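Single-letter residue listing:
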Amino acid sequence: MGLTNLGIFHTTIGVIAIIAAIISFTKYGIINLSQLTGKIYFYATSIAALTALGISKHGGFNPGHVLSIIIIFLLVSAFFLSVKKKGNNVSRYFENFFLSFSFFLSLVPTTNETLTRLPVEHPLAKDITDPLIGKTLLVFLVFFILGSIYQFIKQRRINRAA
């Protein structure tokens, strides 16, 4: 597969983050930073995004690095909202959206790298322009939109009940 030690570490941490996010969303309906799974997602994604800045398949600064910077910004913003803006209020909508959007953005390079590398002998996609990558990302986009709507409705109910 041609991964460096940094690439292996980045991939391992990234997989842990994805699993934590899925568990958190399944259990709580959100990536909940007050729960262990949310904390694991936050820290693992932060580390994955930072280590991604040191990885470059084609050399130099690239769109993947831009995604990493955006993800870091989203995570820091969500963390700030969770710590500084306590209670069930408007800031929860933004916190939920920022965390979900960071998860979706993490799936963009993950999808590309996974489909162009696995299975090892005959990867499913040839390169980033392969239609399979676009179709897979479209499915993830639909899930992101549906998940965001679900979180908005759930948070609205929580806010009204409070």
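Here is what the cut-offs are and how they apply
- Residues numbered from 1 in each chain as written.
- Predicted model: local features only at pLDDT ≥ 70, side-chain atom pairs only at ≥ 80, totals over all residues.
- Heavy atoms only, no water.
- Helix = DSSP H or I, 4+ residues; strand = E, 2+ residues; numbered from the N terminus.
- Rg over C-alpha atoms; globule rule 2.2 N^0.38 Å.
- Buried < 20%, exposed > 50% of the residue type's maximum accessible area, 1.4 Å probe, protein only.
- Axes fitted to C-alpha atoms, helices over the stretch in contact; angles between N-to-C directions.
- Parallel < 35°, antiparallel > 145°, perpendicular 65-115°, else oblique.
- Left-handed = near helix turned anticlockwise from the far one by under 90°.
- Contact = heavy atoms within 4.5 Å.
- Nonpolar A, V, L, I, M, F, W, Y, C, P; charged D, E, K, R; others polar.
- Core = buried A, V, L, I, M, F, W, Y, C linked by side-chain atoms within 4.5 Å.
- Salt bridge = Lys/Arg side-chain N within 4 Å of Asp/Glu carboxyl O.
- Expected span 1.5 Å × (residues − 1).
- Polar contact = N/O pair within 3.5 Å; in protein donor to acceptor, adjacent residues only side chain to side chain.
- 1 Å grid on protein atoms, 1.4 Å probe; cavity = no way out; pocket = protein on both sides within 12 Å on 5 of 7 lines; lining within 4 Å.
- Points joined across faces, edges and corners; volume = space filled by probe spheres on them.

(A) Representation of the overall build of the chain in the model. If you tally the helices and strands in the chain, you get five helices and zero strands. From first element to last, N terminus to C terminus, the chain shows the α and β order α-α-α-α-α. For 162 residues, the compact-globule estimate of 2.2 N^0.38 gives 15 Å, and the C-alpha radius of gyration of the chain, at 17 Å, lies within 12% of that figure. In terms of overall dimensions, the chain has C-alpha extents of about 55 × 30 × 25 Å along its principal axes. Expressed as a percentage of its 162 residues, the buried residues of the chain come to 38%.

(B) Geometry of unusual backbone geometry. Omega for the peptide link from L118 to P119 comes to -10°, which places this bond in the cis form. Tracing the backbone through its elements, the reader meets P119 in the loop between α4 (90-117) and α5 (131-161).

(C) Highlighting the packing of helix α1 (residues 5-28) against α4. At their nearest, the axes of α1 and α4 sit 11 Å apart, and the two run at 140° to each other. For the element pair α1 / α4, the angle class is oblique. Here α1 and α4 pass one another in a crossing that is left-handed. Residues I18, A21 and I22 of α1 form the contact with α4, whose own contacting residues are F103, L107 and T110. Classifying every residue of the contact of α1 with α4 by side-chain character gives five nonpolar, one polar and no charged.

(D) Looking closely at the nonpolar core. Within the largest apolar cluster, 25 residues are counted, with the highest numbers of intra-cluster contacts made by I31, Y41, L75, L99, F103 and L105. Elements represented by at least two residues in this core include exactly α1, α2 (36-52), α3 (63-84) and α4. For Y41, the contacting residues outside a window of four places in its chain are A17, A20, A21, I31, S46, L75, L99, S102, F103 and S106.

(E) Representation of the pattern of salt bridges in the model. Scanning the model with the defined rule gives two salt bridges in all. As a salt-bridge pair, R92 and E95 come within 2.7 Å of each other at their nearest N and O atoms. Highlighted residues: R92 and E95, both in helix α4, separated by three residues, approximately one helical turn. Here R92 and E95 have matching classes, each one buried. Across the salt bridge formed by E113 and R117, the nearest N and O atoms sit 2.7 Å from each other.

(F) Structural context of α5. When the terminal C-alpha atoms of α5 are compared, their 45 Å separation across 31 residues agrees well with the 45 Å that a helix rising 1.5 Å per residue should span. Considered for burial, the residues of α5 that qualify are I133, L137, F144, G147, S148, Q151, Q155 and N159. Elements that come into contact with the buried residues of α5 comprise α1 and α4. Where α5 begins, one side-chain oxygen reaches toward the backbone nitrogen of L132, 2.9 Å away; that side chain belongs to D130.

(G) Here's a closer look at the layout of surface pockets. Reported here for the largest pocket is a volume of approximately 1,200 Å³. If you trace the largest pocket, you find 44 residues lining it, with H10, P109, T110, N112 and E113 closest to the centre. Elements with a contribution of two residues or more to the lining of the largest pocket: α1, α2, α3, α4 and α5. No other element matches the 10 residues that α4 contributes to the lining of the largest pocket. Partitioned by chemical class, the residues of the lining of the largest pocket number 21 nonpolar, 19 polar and four charged.

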